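The primary structure of each chain is shown beneath.
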Amino acid sequence: MAKISLTFIIIFLLMHKLNGAEINGTPKIIDGDTIHINNKKIRLEGIDAPEIKQQCKKPFLKISAIIGYQFNKNYSCGIMARIKLVEKINNSKVKCIVTSKDRYKRFIATCYKDNINLNKWMVRNGYAVAYKRYSKDYVRDEEYAKENKLGVWEGSFTMPEKWRKLN
């Protein structure tokens, strides 16, 4: 019993120490929800972007409103998510506020370029979805992207979490 309590206390203290810690620097963008700063792996908290190898569909040709048919084409939505994050950051410094670490030892954080919350920006523009299993912070931003057919919401796609399980 004492061993379990001591383990819990150590974990609690380590997590408390991480909460609010900052990681600053110019990131290397790995994908739409993962960056590296100074050899520290950071997972953007509360969002889930398509995987690098993931394909999505988007319309490229619509045949009149009367017939109501459209042709779709595949595109690399995972690569698109990465590119959009690269373009948004544009080799600038970012500040990431850490809340915890995940089972892969990545820092879980909300990252900012100037005053722009990058996690929110990715979801609001449809390059990532709200990762509702872990956070409800970006649900409204996802709804906005969906209503306005932005990013992946322009066409059809498999949710990244489901895509990972299937692939």
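The structure we're discussing is the one just above.
All of the points below concern the structure found in this document. Note that the structure is a prediction, hence the values are computed from the model and not measured. (Residues numbered from 1 in each chain as written. Predicted model: local features only at pLDDT ≥ 70, side-chain atom pairs only at ≥ 80, totals over all residues. Heavy atoms only, no water.)

Counted under the stated rule, the structure contains 3 aromatic pairs. Judged by centre distance (4.9 Å) and plane angle (85°), the ring pair of Tyr131 and Tyr134 falls under edge-to-face. Given the relative accessible area of 57%, Tyr134 is considered exposed. In this arrangement the basic side chain of Lys58 is found over the ring face of Tyr75, its NZ or CZ atom lying 4.7 Å from the centre. (Phe/Tyr/Trp six-rings, centres within 6.5 Å; stacked < 30°, edge-to-face > 60°. Buried < 20%, exposed > 50% of the residue type's maximum accessible area, 1.4 Å probe, protein only. Lys NZ or Arg CZ within 6 Å of the ring centre and 35° of its normal.)

Approximately 570 Å³ is the volume found for the largest pocket. Elements with a contribution of two residues or more to the lining of the largest pocket: strand 4 (40-44), strand 5 (47-48), strand 8 (94-101) and helix 6 (160-166). (1 Å grid on protein atoms, 1.4 Å probe; cavity = no way out; pocket = protein on both sides within 12 Å on 5 of 7 lines; lining within 4 Å. Points joined across faces, edges and corners; volume = space filled by probe spheres on them. Helix = DSSP H or I, 4+ residues; strand = E, 2+ residues; numbered from the N terminus.)

Time to look at the pattern of salt bridges. All told, the structure shown has 10 salt bridges when counted by the stated rule. Across the salt bridge formed by Asp33 and Arg43, the nearest N and O atoms sit 3.5 Å from each other. Taken together, the residues span a long stretch of sequence, with Asp33 in the loop between strand 2 (28-31) and strand 3 (34-37) and Arg43 in strand 4 at a distance of 10 residues. Given a relative accessible area of 2%, Asp33 falls into the buried group. When its relative accessible area of 9% is taken as the criterion, Arg43 is described as buried. (Salt bridge = Lys/Arg side-chain N within 4 Å of Asp/Glu carboxyl O.)

Turning our attention to unusual backbone geometry. One non-glycine residue with positive phi stands out, namely Asn39, at about 65°. By secondary structure assignment, the location of Asn39 is in the loop between strand 3 and strand 4. Its identity is not glycine, yet Lys149 carries a phi of approximately 50°, on the positive side. Relative accessible area serves as the criterion here: at 56%, Lys149 is assigned to the exposed category.

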